[in-house]
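# Descriptive analysis of the structure
Residue strings, one per chain:
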Amino acid sequence: MSSNHLEALSNQVADFDLDDGPSNPALLAGYEPEQPPPAPILQSKGILAIDITDQFIDATQKLDIGQLIKDPFFTLFEAVGALEIMDQKMDSGYLEPGETMEDDYNFSRTLLPEEVIGIIDQLLCYEEEDFVTHTYNRDLLENIDHNLILDFLITTADMLAKSESISTEMKSALSKRLKFRATFMRTVEAANTRDESYAFSELKSLWEELCSFLPELKSSAKLGRPVADSFSVKIQRRLASTVPPRPIVMLTQDAAFDHLERLCKDGSIALEVLHYFDSHSLMTFVLLFQARSPQPSVYVRTLLQYYLFGDMIVLGHMSIRQLLDDDFESVVLPASILLDRNNDEVEVTHDPRFNIASRMEIFRSRAAGSVLDILRTICQNRCRIRRTLCHTISDWDQLQLDGEDMDQELRAFTKEEPIINPEISSDPMFSFPLSSWAYFHKLRQMEWIVQMGFELQTYQPDEFAGMYWYLQYLARTRNQHLERIRGFTIRSFSNYRTSSDTSEEKHTQYVNSISFISYSMLEATSTYGFADALSSLFTVLSRLSLIPTPSRPYSDDIMRYELRMKPFSSIGLPEIPPYSEFTETVLQPSVSILHLLTLAADSISGAKKGLEVLSKLSAKDSYSQGSHDSWIANVKNCLKACIFASITIGAVKKAVEGMGKDGKVNIRMEFPETGKGYHAWWVVPKIVSVKS
C-alpha cells in the first residue's frame, strides 16, 4: 500500500465522527474503485489451492434436470450463509446507487381530480394479503377512530358537492368513490355482529348496496390518471419478516373490479350460515361455499370462520355441546339416554345418569376440538385444506380409539344388550356409538383428501387408476360402516316402538337419523360406483398404452405408493392394503380388457342412477338447507361427469372391439383443461378417433 494511501486513511480515521454518513469503502480498502485488488494468494503449509471452476462447471453439465447432489454436512446454516448479499431479490435492505431508504413522496402536493381517481382505483389493484399485524410488527391505523374516518369521508363529500372548479363528470366519479368507501367501512364494522335478525335486515342490505356502486365505478375508471410514485415497495423493508421481499402483484382494472364484486357477493352469501338447521346442513354449506370457483377471498373466509365459532360460540348463539349433540343424535344416538339433558341435574355419584353425564362430557371435550378443526380447516385455501386434513385425520383416529374406550365404560351404565348373530360373528356385537361416530367422520375426511388430490392435480395420469381404486375402497368401507350403524338404529327404533316411553320428539329423532343414514349410504354408493368405473377405465387405457408413464429415475412404484399413502400411514382403520395386493387389485391382470370395460359400464350405470336420485332430493332430505341451490349444482355437475364417463367407456369399448391384429386401437385420449371439466373431483378423459 502506498504512503499516500496510508496518509489518506490515517486522516480519515482521525476525523471520523459517529454522525458522519457512510464512508468510501474503496478508500478504506486502499484502492481505487476502478482497480479492484487481485485475488489473495493463499500460502499455508500442507495446503495446495487449486482452481476447480472449470471442472465444476463441466461436472454440472452432466447432471440430469432435477438431480441434486448434497453434502450431508452442508446444513441450513451454510445454505443461509451462502445467500448473496446486495441482491435485490433476496436482500430487503439493498439500495440502488443514489436511492434512499425512505420515500421522498410529498403528501401535501396538490393533486388533480383525475389523479385522485387514479390513486383510489389503483388501491383496488393489489393482491389481497392475509396481513397479521403482530407477525410483521406493523399496526393498521388502530389508533384512528372508526367514526372519525367516516366523518372525514362525509365532510369531504360535502366539500366536493359545493366545489365549482371540478367538472360534473369528475365530481360524480369522486363522489361515488367516497360514498363507496364510507359504505364499505360501515359494512366491515357491521360484519362483526352475528345477530341473525340484524344480519338479514341490515347487514345484507349493506353488502347489496356496495354491489350497486360497482357499475358506475367501472364506467368512470377511464377518467383516472395513474400516479406511479404514490406507491412503493419500501414498506417491506420495515416489516419484521424473515422472508425475502415480495414484488407487488398488480391486477388489471377489470380484474380488480371483478374481485371486488365477488367479495361483496360472497360476503352477502356468507351471512346465510347464521341460519342454523342441523349440523350436516352447516357442514354442507361450509364445504360448498369454500369450493366456489374462484374461491372466496381471504377476508370473506376469515369472516365465515368468525361466524362459525368466534369466541368459541357457534354462530353467535349456540354452544359447541349443542352442535355435537345434534350430530351425535342424527348419526348414532337418536333418542338416546346418553344425550338426555336431565342427566346433568343428577348429583348422586352412584346413579348411572351421573356417570353417563360425566363420561359424555369428557368425550365432548375431546371431540369439540376435532370438530372445530374441520370447520377451521375448510375455511383455508384449497391447498392448505388438503394439507391440514392430512394431519387432522390422525387426531380423529385417536378420537375413535378414545370413543371405543368410552363406549365400553358407558355400556356398564346403559345395560346395552348385544346382537347375537352366528351368521355374522360368533362374538356378541355392541353398537359402539361414539367410536362409530368418529370413524364415520374420519372416513369422510380420508375421501376428501383423495378427491382434493385430483382437484389440485396432485396425481399423475398414470396414477389415476390406483387412486380412484383407493377412493372406491374408502367409499365402500364407509357404506359398510353405515350399514352397521343403520342395523343398530333400526333395532333401537323397533324396541322404542314397543315400549311405553314414547313421544313425538323421540319418534322424530329416529326418523331423522334413519333418513340421514339412508342419504349418506346413497351418496357413498354413488361415489363408490363412479370411482370404481374410472379405476377400471384408466386401467384399460394404461393397457392400451394411451396413458404415458413419465420417467422417474429417482423413485420406483413402491416408493410412489408409499408417498400417496403417507397421509394414511398412521391410521389404524381402514388398513392400507399392501403394495402387492394393491397392484394386483388395480391392474387385474387375469381380467380381459372387454370384461373390465363391461364392469366399468355396470359401475357407472349404478353411479348414474344414484346421482339422479340425489339430484331430486329436497333441501331437507339432502341435508343442504341454506345451500340447496349450490348443492344441486354440485350434484348435477357430478351427474354430467358421470354421463360423460359412460360415453367414454362406450367409445373405448367400441374401439377395442374393432381392434386390428396388431393390437392397436385407432383412438387417442385427451384430458380436459384445468377448470374445464364437469367436476374437479372426477377427471374424465375425452376419446378422439384417429386415422389408421
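See the structure printed just above.
The text that follows walks through the structure, step by step, so that each part is easy to find.

Rules of the game
- Residues numbered from 1 in each chain as written.
- Predicted model: local features only at pLDDT ≥ 70, side-chain atom pairs only at ≥ 80, totals over all residues.
- Heavy atoms only, no water.
- Core = buried A, V, L, I, M, F, W, Y, C linked by side-chain atoms within 4.5 Å.
- Buried < 20%, exposed > 50% of the residue type's maximum accessible area, 1.4 Å probe, protein only.
- Contact = heavy atoms within 4.5 Å.
- Helix = DSSP H or I, 4+ residues; strand = E, 2+ residues; numbered from the N terminus.
- Expected span 1.5 Å × (residues − 1).
- Bend = angle between axes of the 7 residues up to and from the residue.
- Axes fitted to C-alpha atoms, helices over the stretch in contact; angles between N-to-C directions.
- Parallel < 35°, antiparallel > 145°, perpendicular 65-115°, else oblique.
- Left-handed = near helix turned anticlockwise from the far one by under 90°.
- Nonpolar A, V, L, I, M, F, W, Y, C, P; charged D, E, K, R; others polar.
- Salt bridge = Lys/Arg side-chain N within 4 Å of Asp/Glu carboxyl O.
- 1 Å grid on protein atoms, 1.4 Å probe; cavity = no way out; pocket = protein on both sides within 12 Å on 5 of 7 lines; lining within 4 Å.
- Points joined across faces, edges and corners; volume = space filled by probe spheres on them.

In terms of nonpolar packing, the biggest core is built from 141 residues, with Leu-308, Trp-437, Tyr-468, Phe-530 and Val-652 touching the most fellow members. Not counting the four nearest positions on each side in its chain, Leu-308 is found in contact with Arg-194, Val-273, Leu-282, Val-286, Ile-313, Val-314, Leu-315, Leu-375 and Cys-379. Formed by 13 residues, the second largest nonpolar core is a distinct cluster that contains Ala-157, Leu-160, Ile-166 and Met-185.

This part is about helix 9 (residues 196–219). The first and last C-alpha atoms of helix 9 sit 35 Å apart over 24 residues, in line with the 34 Å expected at 1.5 Å per residue. Its maximal kink placed at Leu-203, helix 9 deviates by approximately 35°. Buried within helix 9 we find Ala-199, Leu-203, Lys-204, Leu-206, Trp-207, Leu-210, Phe-213, Leu-214 and Leu-217. In this structure, the buried residues of helix 9 make contact with helix 8 (168–190), helix 10 (253–270) and helix 12 (298–309).

With that settled, the discussion passes to the packing of helix 17 (residues 464–497) against helix 18 (residues 504–543). Packing of helix 17 against helix 18 leaves a shortest axis separation of 8 Å and a crossing angle of 160°. Judged on the interaxial angle alone, helix 18 and helix 17 are roughly antiparallel. You can see that helix 17 and helix 18 cross each other, and the crossing is left-handed. In terms of residue class, the contact of helix 17 with helix 18 is made up of 20 nonpolar, 12 polar and seven charged.

The subject of this paragraph is the pattern of salt bridges. Counted by the stated rule, this structure contains 28 salt bridges. Here Arg-478 and Glu-447 are joined by a salt bridge, their closest N and O atoms 2.5 Å apart. Here Arg-478 is found in helix 17, whereas its partner Glu-447 is found in helix 16 (residues 433–455), with 31 residues between them in sequence. Across this residue pair, the class does not change: Arg-478 and Glu-447 are buried. Residue Arg-560 is joined to Glu-463 by a salt bridge in which the shortest nitrogen-to-oxygen separation is 3.6 Å. Taken as a pair, Arg-560 in helix 19 (residues 557–565) and Glu-463 in the loop between helix 16 and helix 17 lie far apart in primary sequence, 97 residues in all.

A separate point is the side chain of Thr-527. Structurally, Thr-527 can be placed in helix 18. With residues near it in sequence (within four places) discarded, Thr-527 still touches Glu-447, Gln-451, Leu-471, Ala-475 and Trp-682.

Attention shifts here to empty space enclosed by the protein. In this structure the tally under the stated criterion is three cavities of 30 Å³ or more. Reported here for the largest cavity is a volume of approximately 120 Å³. Forming the boundary of the largest cavity are 14 residues, of which Ser-279, Met-283, Asp-327, Val-371 and His-441 lie nearest the centre. Every element with two or more residues in the lining of the largest cavity is listed here: helix 11 (279–290), helix 13 (320–331), helix 14 (352–378) and helix 16.

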